[in-house]
Amino acid sequence: MLCFVLLIVLPPLGVILYSAWEQQRADIEKVEEDALRLARIASAEQARLIEGTRQLLASLAQLPEVREHNGPSCSDILQSILKERPLYANLGAIRADGELFCSALPFSGKVQLGDRAYFQRALKTRRFAVGDHQIGRVTKKATINFGYPVFKNGEKPRAVVFAALDLGWLNQMAAQAKLPEGSTFTVVDAQGTALVHYPNPEAWIGKSLASTSFVAETLALKTGTAHAPGFDGQARLYGFTPLLGTPEAGDLYVSVGIPRATVSAKIRTVLARNLTGLGGLALLVIALAWVGSDLFVVRDVNNLVRSTERLASGDLRARAGPPYPKGELGQLALSFDRMAQSLEQRTLELEKSNRIKEEFLSVMSHELRTPLNVVMGYTGLMMDGLLGEVSPQQKEALSKIMGRAREQLSMVDSTLNAAALESGTARIQIHETDLRDLLESLKSDYEVLPGKEITLSWLYPAEPTLILTDSEKLKQILRNLTDNAIKFTDRGTVTISARLLPDAKAAEFKVEDTGIGIAREHLPLIFDKFRQVDSSETRLYGGVGMGLYITKKLTELLGGRIDVESEPGRGSTFKVTIPATRA
Amino acid sequence: MKKRILLVEDDRVTADVVGQELEFLGYEVALAQNGAEAVQLASSFLPDLIVMDLLMPKMDGFQAASKIKANPKTKGIPILAATARALPGDREKSLASGCDAYIAKPFTHRELGAAIKKLLGD
């Protein structure tokens, strides 16, 4: 599903990132253009202002007060004009000998301005003249001064009117341009000295910025754009161009810097918006996929899994059930249900069949044992002389009847046990069993051995040793093996041992004899049903050949295993290992 | 005074041989031929012990044992279950239904005597 979502989301993500990159490039170009345009506007505005200044000075030169060198009246007029024209720092008039006689700003004593560039140029060229820019020592204002010659009936100018244009107007323009936050507006002269700086003019004006990279670039290229850090280190896009029309004043350059972050921020905003949209789309796709898959796939699979689990845990009525979804999943559900159906039917039949078997075994057991109870009961009574005197021969006969009755009983037990084991009706009852008790109880059953020169040796823990198992089944296993060992051993020793293995997770039992042993080729067969190694031995040793078969089945029922080692003529060792704890 | 034993057994011949065994062992014996009789005789005869066959017509030994154990008058009488049905679970089932011990048929009078003595604490 993740792949599916990725598949849907990746292409638009690529498009968004690419277009964001593209957009950023375009925006940078646009901002560069903006910066350059602003710089050009500033430059053009400056040109317009200079032209305005020329006209202003031309009309001032016609004033009689100026022509007649009427200082006080002239000063009054200029003062009132200055009030209306805040772009100018000062207006005034200088006599041809260089002495200031009229000024909008108050002055006292003789002020010689004959050395000023605009004054000399105006006198010399007899035309409108632009002076050098200068920075007021007190006002910290950068100004450019303009001069205009005043004539009265003669060829020689009688005076020069001047206007000091405050470059601070550029600051106002910058403020009105609503530049993005962090933008700068700078005017530098040919030496790289800041004449105007927006914002914080006080901090920068008069300082040499020639070493600042964008200023260096400005001085080199004159018109253009640059990506560079500003004085404050912030990355900006700069547009720069010369201020027009002041060849005599030396070059001035205006530059507009717009923070690069503005572009990035704008792009980021768009990018974030697009990515948010895409995220929403992805969520929607995931939700759809989830709901869809839950409805159409996961739900069906879950249903099937639940049904399987129910069936596995023994609920034979578990079905995936209709309606079956279309496609393979539906076919799977349908065949699962068919399988469950036949499994249920088969199991019911098996259970019924097992019940019948169990009942049959129960009846068989009852019917075979009941006559034996009469046979053994009366025989026992007679043997003990309780039903009258018995002769030694009669007593011996009765003893043989009793012996064979017991053998028959043992065979009945074996057969019924084997049948129960095979039909699956045999059940185990796990409980705490003390190995010592078990072996002691078994030992007491073998205190009298009929007519054989055999020693029984018992090895088991001296301390109580608890294991979890079915003690009846375990006892039957050990009894069968012990009976077998005695049966196939004429003289020697039968050793029965029991111990808990070191990890305490299993118990090991061994029954070793010094009997006839088993040929190697017969070893694989001895646990088969109705098998004795040699049919002639059946007559010799008796029995129906069920003992080891039952023993193996019982061992398996207890979750253990049985192994045998044997050497013909030397004896056999049977080893039984069963779990000592609950699995 | 002889101790009294109630033998519950539906098979006549078995009842005969087990009855004789019990008499030779020195007990006074009463016979019940099914579970219903056993419940009745348990409260009228008031034996010291009951030897109970489990597989019987009318009322089986399991039912009879639980009825006898449910009656305050007879609940103290020990019951020795004796059955020719030696199938898995029979021992547990008989003990659960109120029997105090279990002996599998066939048995001789010696085995029966030993089981009874153990149960009576003699």
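Worth saying up front: this structure is predicted, and the values here are computed from it rather than measured.

## Brief notes about the sheet that holds strand 6 (residues 184-189) of chain A
Residue and element names in this part refer to chain A.
Step number 1: Spatial ordering of the open sheet is given by 7-6-10-9-8, a layout of five strands whose pairing is antiparallel. Looking along the sheet, the strands with just one partner apiece sit at the ends: strand 7 (194-198) and strand 8 (224-229). Each strand axis lies, on average, 20° off the axis of its neighbour in the sheet, ignoring direction.
Step number 2: In this sheet, strand 10 (residues 252-259) lies alongside strand 9 (residues 235-242) in antiparallel orientation, the contact comprising seven bridges. Bridging across to strand 10, Tyr-238 finds its partner in Gly-257.
Step number 3: Together, strand 6 and strand 7 form the strand contacts of helix 5 (residues 169-176), whose direction differs from that of strand 7 by roughly 25°.
Step number 4: In the packing of helix 7 (residues 213-221) onto the sheet, the strands contacted are strand 6, strand 8, strand 9 and strand 10, and the crossing angle to strand 8 comes to about 160°.

## Things to note about the confidence of the model for chain B
Step number 1: Mean pLDDT over chain B stands at 89; residues scoring 70 or higher make up 97%.
Step number 2: Averaged pLDDT values for the elements of chain B fall to 79 in helix 4 (residues 90-96) of chain B and rise to 96 in strand 1 (residues 4-8) of chain B.

## Here we look at the interface of chain A and chain B
Much of the literature gives interface size as the accessible area that the parts lose upon coming together.
Step number 1: Contacts between the two partners involve 25 residues from chain A and, on the opposite side, 24 residues from chain B.
Step number 2: When chain A packs against chain B, the two sides together hide about 2200 Å² of surface, and 61% of this comes from carbon and sulfur.
Step number 3: In this structure, the connection of chain A to chain B is made through two salt bridges.
Step number 4: Note that Arg-110 of chain B is salt-bridged to Asp-384 of chain A, the shortest N-O span being 3.0 Å.
Step number 5: For the side of chain A that touches chain B, the secondary-structure elements that each account for two or more residues are helix 9 (328-383) and helix 10 (392-423) of chain A.
Step number 6: Counting residues per element, the side of chain A that touches chain B draws most heavily on helix 9 of chain A, at 15 residues.
Step number 7: In terms of residue class, the side of chain A that touches chain B is made up of 11 nonpolar, nine polar and five charged.

## Some words on the pattern of salt bridges
Residues and elements named next belong to chain A.
Step number 1: This structure, assessed with the given rule, holds 20 salt bridges over all chains.
Step number 2: With a closest N to O distance of 3.8 Å, Asp-470 and Lys-473 form a salt bridge. Residues Asp-470 and Lys-473 agree in their burial class; the two are buried.
Step number 3: The shortest N-O distance in the salt bridge between Asp-563 and Arg-561 comes to 2.5 Å.
Step number 4: A relative accessible area of 52% means that Arg-561 is categorised as exposed.

## Remarks on the pairing of strand 4 (residues 79-83) of chain B
Residues and elements named next belong to chain B.
Step number 1: With respect to burial, strand 4 is a largely interior element, five of its five residues being buried.
Step number 2: Burial of the side chains of strand 4 extends over both faces: Ile-79, Ala-81 and Thr-83 are buried on one face and Leu-80 and Ala-82 on the other.
Step number 3: Pairing analysis gives four bridges linking strand 3 (residues 49-53) to strand 4, with the strands arranged parallel. Bridging across to strand 4, Asp-53 finds its partner in Ala-82.
Step number 4: Handedness of the β-α-β unit built from strand 3, helix 3 (residues 61-70) and strand 4 comes out right-handed.
Step number 5: Direction of pairing for strand 4 relative to strand 5 (residues 101-104): parallel, over a ladder of four bridges.

## Topic: the state of the cysteines
Residues and elements named next belong to chain A.
Step number 1: For the structure shown, the criterion picks out one disulfide over all chains.
Step number 2: A disulfide bridge connects Cys-74 with Cys-102, and the sulfur atoms are separated by 1.9 Å. With the S-S dihedral at roughly -80°, the linkage between Cys-74 and Cys-102 falls on the left-handed side. Residue Cys-74 is located in helix 3 (residues 71-84), and its partner Cys-102 is located in strand 2 (residues 100-103); the two are separated by 28 residues in the primary sequence.
Step number 3: Look at Cys-74 and you get buried, because its relative accessible area is 1%.

## Considering the sheet that holds strand 2 (residues 28-32) of chain B
Residues and elements named next belong to chain B.
Step number 1: Here we have five strands laid out as an open sheet, ordered 2-1-3-4-5, and parallel in their pairing. Strands at the two margins of the open sheet, each flanked by one partner only, are strand 2 and strand 5. Going across the sheet, the axis of each strand differs from the next one's by a mean of 20°, ignoring polarity.
Step number 2: This element, helix 2 (residues 35-45), spans strand 1, strand 2 and strand 3 of the sheet and lies at about 145° to strand 2.
Step number 3: Its contacts with the sheet place helix 5 (residues 109-120) against strand 1, strand 3, strand 4 and strand 5, and it is angled at close to 155° to strand 4.

## With respect to the pairing of strand 17 (residues 571-579) of chain A
All names here are of chain A.
Step number 1: Counting buried positions along strand 17 gives seven out of nine residues, so the element sits mostly inside the fold.
Step number 2: Two strands pair when backbone bridges link them, and strand 15 (residues 506-513) and strand 17 are joined in this way by seven bridges, in the antiparallel orientation. Paired with Val-511 across the strands is Phe-574, a residue of strand 17.
Step number 3: Sheet topology places strand 16 (residues 561-567) next to strand 17; seven bridges connect them, and they run antiparallel. Across the sheet, Ile-562 pairs through a bridge with Val-576, a residue of strand 17.
Step number 4: If you look at the hairpin formed by strand 16 and strand 17, you'll find three residues sitting between the two strands, and Gly-569 has a positive phi there, around 85°.

## Remarks on unusual backbone geometry
Keep in mind that most residues, glycine aside, have a negative phi and that most peptide bonds are trans.
Step number 1: With omega at 0°, the peptide bond leading from Lys-105 of chain B into Pro-106 of chain B counts as cis.
Step number 2: Of note, Pro-106 of chain B is situated in the loop between strand 5 and helix 5.
Step number 3: Phi is positive for His-69 of chain A, close to 60°, though the residue is something other than glycine.
Step number 4: Mapping His-69 of chain A onto the fold places it in the loop between helix 2 (64-67) and helix 3.
Step number 5: Positive phi is not limited to glycine here, since Arg-126 of chain A has a value of about 60°.
Step number 6: If you trace the backbone, Arg-126 of chain A turns up in the loop between helix 4 (117-125) and strand 3 (129-135).
Step number 7: For Arg-126 of chain A, a relative accessible area of 34% puts it in the partly exposed group.

Definitions and cut-offs
- Per chain, residues are indexed from 1 in the order of the written sequence.
- Each chain takes a letter, starting from A, and each ligand takes a number, starting from 1, following the order in which they are written.
- Where totals are concerned, whole chains, interfaces and linings use all residues; where local detail is concerned, this predicted model gives features only for residues with pLDDT of at least 70, and gives and counts side-chain atom pairs only at 80 or more.
- The side-chain numbers reported here are obtained from all heavy atoms of the structure, hydrogens and water having been left aside.
- At least two DSSP bridges between two strands are needed for those strands to be called paired.
- Every helix listed is a DSSP run of H or I at least four residues long, and every strand listed is a run of E at least two residues long, numbered separately from the N terminus.
- Axes here refer to lines fitted to C-alpha atoms; in helices the fit is confined to the stretch in contact. Angles between the N-to-C directions go from 0 to 180 degrees.
- Any two residues having at least one pair of non-hydrogen atoms within 4.5 Å are treated as being in contact.
- Confidence of the predictor at the level of single residues is given by pLDDT, which spans 0 to 100.
- As a working definition, buried area equals the accessible area (1.4 Å probe) given up by two parts on being put together, with both sides summed.
- What makes a salt bridge here is a side-chain nitrogen of Lys or Arg within 4 Å of a carboxyl oxygen of Asp or Glu, nothing more.
- Classes in brief: Ala, Val, Leu, Ile, Met, Phe, Trp, Tyr, Cys and Pro nonpolar; Asp, Glu, Lys and Arg charged; the others, Gly included, polar.
- Burial classes: relative accessible area under 20% of the type maximum marks a residue as buried, over 50% as exposed, and values in between as partly exposed (1.4 Å probe, protein chains only).
- Handedness rule for crossovers: strands pointing away from the viewer, path from the first strand over the helix to the second running clockwise, crossover right-handed.
- Here, a disulfide means two cysteine sulfur atoms that sit within 2.5 Å of each other.

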